[in-house]
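What the coordinates show
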Amino acid sequence: MDIEIVPARSSIQWLGLGFKTFCRRPLAFVLLPILLSFPLAICYLLASPTPVIETVLYNAVLPFHSLMTMIVAAQAFSGTTSLPALIVLTLRAFRLHLRALITLGAVHALALCCIVGMVSLVHDRGFALAQLPMALQLSPGGESGPAQVDIIKLLAIVPQVLFGFAPALVYWYSASPGQAIFLSTAAYLRNWRAFLLFGLIRTALVAGPLLGVMLILAFLPATASAANAALIEGAAGVITIPAVILSISQLFSFRDCFAPRRTWFSSLPRLQCSTK
């Protein structure tokens, strides 16, 4: 399997294709995760009294969510698949590669727990797993200081690199979990310029609306609590759209980093890349 070297400007095209794909089937990207998340929602309700378990469970299902988004994006870009067919296709992908996806999810959650543990040992000379929810902004509890939380967030980039393309490699290339993690890491490292620019643009798209809301809230009177709440809810909805587009863009970065093998690649516009 060849890993191709892409120019840094590729990240801009990935985002453009992600936006175009989202506009073609916006309801599919909004409704499909909701329809497929009912079993997960039940698990969340059962684990809600224990934030640590809820957080670990959330990170364990990220490979499933990543693969689901990429499958929907591939089919939505071609415009030939209905929403019921997308549901069947996604469930079939989960069934065929269930063991590998569960392994990826377990390793992903374990990696984040190890990061929290190492930072806790260095910072507090003790391991505090209760700091995991706060560090990942999934619940307000925990005793971590701001510096420790920032370190954990920075180190959390490592699992993102290790597992970025792993679910797609398992599905489209039938790679084992170990091979998928290795190839995903190699693709990110060999194309670090493109992904660095992509990360900077991603940060700007997510942080821009937040900074705008903070500036508006700073000028609103403290008594306008209803307006503040409405503004925050609106900002959350606005931030969700760039997050979905960024997830869709991952499909095209995967397509450009790896030599095409499946027929669905032929329907996607391809960059001129050099194979090394």
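Preceding this section is the structure that the text describes.
Heads up: these notes are all about the structure in this document. Note that the structure is predicted; figures quoted are calculated from it, not measured.

Let us look at helix α6 (residues 83-96). A rise of 1.5 Å per residue sets the reference length of α6, with its 14 residues, at 20 Å; its end C-alpha atoms lie 20 Å apart and thus fit the reference within 8%. Within the span of α6, buried status applies to Leu86, Thr90, Ala93 and Phe94. All buried residues of α6 fall inside an arc of 100° around its axis, so they share one side. Relative to its buried face, α6 has exposed residues pointing more than 90 degrees away, namely Pro84, Arg95 and Leu96.

Let us look at the packing of helix α5 (residues 62-78) against helix α11 (residues 166-173). The contact between α5 and α11 brings their axes to 8 Å, and the two run at 60°. Relative to α11, the element α5 is oriented oblique. The chirality of how α5 crosses α11 is right-handed. Residue-level inspection shows Pro63, Ser66, Leu67, Met70, Ile71 and Ala74 of α5 in contact with α11, the latter providing Pro167, Ala168, Tyr171 and Trp172.

Turning our attention to the state of the cysteines. What is meant by a disulfide is a covalent connection between two cysteines, made through their sulfur atoms. According to the stated counting rule, one finds zero disulfides in the structure shown. Lacking any disulfide linkage, Cys113 is separated from the closest cysteine sulfur, that of Cys114, by 7.0 Å. By relative accessible area, which is 16% here, Cys113 ends up buried.

Further remarks concern the environment of Leu183. Mapped onto the elements, Leu183 comes out in helix α12 (residues 177-190). Along the backbone, Leu183 and Asp2 are 181 residues apart, and their C-alpha atoms lie at a distance of 9.6 Å. Other than its neighbours up to four places away in sequence, Leu183 contacts Met1, Ile3, Leu169 and Phe258.

Attention now goes to unusual backbone geometry. Of note, Ser174 is a non-glycine position whose phi angle comes to about 55°, a positive value. One can find Ser174 in the loop between α11 and α12. Residue classification places Ser174 among the exposed positions, given a relative accessible area of 51%.

Among the nonpolar cores identified, the biggest contains 52 residues, and Phe165, Leu169, Trp172, Phe254 and Phe258 are the most heavily contacted of them. Here this core takes ten residues from α5, the largest share from any one element.

With that out of the way, let us pick up the pattern of salt bridges. Evaluated as defined, the whole model comprises one salt bridge. A salt bridge links Arg255 to Asp256; the shortest N-O distance between them is 2.4 Å. Its relative accessible area of 0% is what places Asp256 among the buried residues.

Applying the stated criterion across every chain yields a total of 14 aromatic pairs. Three or more aromatic residues joined by ring pairs form one cluster here, namely Trp14, Phe165, Tyr171, Trp172, Tyr173, Tyr188, Phe195, Phe198, Phe254 and Phe258.

In this section: α5. An ideal rise of 1.5 Å per residue puts 24 Å on 17 residues; α5 measures up with 25 Å between its terminal C-alpha atoms. Most of α5 sits out of view: 13 of its 17 residues are buried.

Thresholds applied
- Residues numbered from 1 in each chain as written.
- Predicted model: local features only at pLDDT ≥ 70, side-chain atom pairs only at ≥ 80, totals over all residues.
- Heavy atoms only, no water.
- Helix = DSSP H or I, 4+ residues; strand = E, 2+ residues; numbered from the N terminus.
- Expected span 1.5 Å × (residues − 1).
- Buried < 20%, exposed > 50% of the residue type's maximum accessible area, 1.4 Å probe, protein only.
- Arc of directions from axis to C-beta.
- Axes fitted to C-alpha atoms, helices over the stretch in contact; angles between N-to-C directions.
- Parallel < 35°, antiparallel > 145°, perpendicular 65-115°, else oblique.
- Left-handed = near helix turned anticlockwise from the far one by under 90°.
- Contact = heavy atoms within 4.5 Å.
- Disulfide = S-S within 2.5 Å.
- Core = buried A, V, L, I, M, F, W, Y, C linked by side-chain atoms within 4.5 Å.
- Salt bridge = Lys/Arg side-chain N within 4 Å of Asp/Glu carboxyl O.
- Phe/Tyr/Trp six-rings, centres within 6.5 Å; stacked < 30°, edge-to-face > 60°.

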